[in-house]
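Each chain is listed here by its residues.
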Amino acid sequence: MFKISNKVRRLTSEEKERYLKDGYLTGLPVFDDEAKDNLNDLFVSLSSQLSNDIDINQTNMWHKASLKFYNLCRTPAILDYVEDLLGPNFFQWGGQFFLKEPKDGSVVPWHQDAQYWPLSPAKSVTVWLALYDTDEENAAMKVVKGSHKQGMFKHHINKASNLVLDQEVSNDQINQDDIVSLNLKAGEISLHDDGLLHGSEANYSNRRRCGITMRFAPVNVKADLSIWPHFETQLARGVDEFKHNPTAEIPKGEATPIKKFQYSREFVNQW
Ligand SMILES: O=C(O)CCC(=O)C(=O)O
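The model shown is predicted, which means the values in this text are computed figures rather than measured ones.

(A) Broad picture of the sheet that holds strand β6 (residues 142–144). Read across the sheet, four strands follow the order β3-β11-β6-β9 without closing on themselves; strand pairing throughout is antiparallel. Two strands in the sheet have a free side with no partner beyond their single neighbour: β3 (108–111) and β9 (179–181). If you compare each strand with its neighbour and ignore which way they point, the axes differ by 25° on average. Pairing between β6 and β9: three bridges, direction antiparallel. The residue bridging V143 from the neighbouring strand is V180, located in β9.

Right under this line is the structure:
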């Protein structure tokens, strides 16, 4: 377990209200500055298991494949922040990397997650954990404050090869004054609502930029398996009295996803 920051705390009622109003919170401490090397080592050890022809940005569900990744997602301080927003009973259903190597040119277009996630009700919270210091220079994630209260924006398909996602909201729909850059120190997290508009530009700096996202939702959320047949949950806190969704095994070792959607049973033989 990496060294936890001594600034870890629970969310205040002011922060919980701000999350409801703005759709995000940022700069929350989790790991100590001393854990920087551990976060880098984790990234290097997991990413180096992927074969060269696989783009890590096109993989997901690492929490179902890798015990190291799963354990990171079970850091009590992270779950405490999520519990403060979602209540005592919630599961994890997604875990991935968002990597921009220096000058690699990849862009995450403006989008709302809930627009393409077949989950009902739309109540997921994303934890974005900074593995490296992240700011405007190395393309920190940007959000449009309060946009989760404005309904669904019109998305169009853009298949440009440097885009990490092919769904995009055009700039003319976005109030530029509401854009906020979520600058984080390595080991800090932001939290965002699944209706919030967010994205990130290319990394023109000489510094690597990488975050891990963990997707959590309250246990009453149900996936439409006709759209996402591979959807599986791992209970993160409390009890699942609804049992709406298939469950995933807890990893027993280290495997790597090779695409965005895979069943947990596909990893069993690699552990
Ligand atoms: O890291 C980024 O730039 C984007 C992350 C993202 O799209 C997400 O967390 O849903």
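(B) The arrangement of the environment of G211 in detail. Among the structural elements, G211 can be located in strand β12 (residues 209–218). A sequence separation of 99 residues divides G211 from Q112, and the C-alpha atoms of the two residues are 18 Å apart.

(C) The arrangement of the environment of T256 in detail. Inspection of the secondary structure assignment puts T256 in the segment after β14 (234–237). T256 gets classed as partly exposed once you count the C-beta atoms within 10 Å, which come to 19. On a C-alpha basis, the gap between T256 and Q270 in space is 8.6 Å, while along the polypeptide they are 14 residues apart. Apart from residues no more than four positions distant in its own chain, T256 is found in contact with Q49, L50, A65 and S66.

(D) Here's a closer look at the site of the ligand. If you check the shell around the ligand, you find F98, V108, D113, T126, W128, M141, H198, S200, G211 and T213 and nothing else. Listed by contribution, the elements that provide at least two residues to the shell around the ligand are β5 (125–130), β11 (198–200) and β12. For the shell around the ligand, the class distribution of residues is four nonpolar, five polar and one charged.

(E) Inspection of the nonpolar core at higher detail. Counting residues in hydrophobic clusters, the biggest one holds 57 residues, and the most contacted among them are V82, F90, V127, L129, I189, L191 and F216. Excluding its chain neighbours within four sequence positions, the residues that come into contact with L191 are Y19, Y24, L25, Y81, L85, V125, T126 and V127.

(F) Molecular detail of unusual backbone geometry. Residue P121 is bonded to the preceding S120 through a cis peptide linkage, with omega at -5°. Phi angles above zero are rare outside glycine, and K103 is one such case at about 60°. Relative to the elements of secondary structure, K103 occurs in the loop between β2 (90–100) and β3. With 10 C-beta atoms packed within 10 Å, K103 lands in the exposed category. At A139, a position not held by glycine, the phi torsion is positive, near 70°. Structurally, A139 is set in the loop between β5 and β6.

(G) Molecular detail of the environment of Y24. Here Y24 shows up in strand β1 (residues 24–29). Sequence separation of Y24 and V144 is 120 residues, and the distance between their C-alpha atoms is 9.5 Å. Those residues within four positions of Y24 in sequence are excluded, and the remaining contacts are Y19, V143, S190, L191, H192, D193 and L196.

(H) Representation of the sheet that holds β12 in the model. Taken in spatial order, the six strands line up as β1-β10-β5-β12-β2-β14 in an open sheet, and their pairing is antiparallel. Edge positions in the sheet fall to β1 and β14, since each of these pairs with one other strand and no more. In this sheet, neighbouring strand axes are inclined to one another by 35° on average, regardless of whether the strands run parallel or antiparallel. Bridge analysis of β1 against strand β10 (residues 188–193) gives four bridges, and the strand direction is antiparallel. Across the sheet, the residue bridging to L28 is I189, located in β10.

About the cut-offs
Residues numbered from 1 in each chain as written. Predicted model: local features only at pLDDT ≥ 70, side-chain atom pairs only at ≥ 80, totals over all residues. Pairing = 2+ DSSP bridges. Helix = DSSP H or I, 4+ residues; strand = E, 2+ residues; numbered from the N terminus. Axes fitted to C-alpha atoms, helices over the stretch in contact; angles between N-to-C directions. Buried ≥ 20, exposed ≤ 12 C-beta atoms within 10 Å, placed from the backbone. Contact = placed C-beta atoms within 7 Å. Near = placed C-beta within 6 Å. Nonpolar A, V, L, I, M, F, W, Y, C, P; charged D, E, K, R; others polar. Core = buried A, V, L, I, M, F, W, Y, C linked by C-beta atoms within 7 Å.

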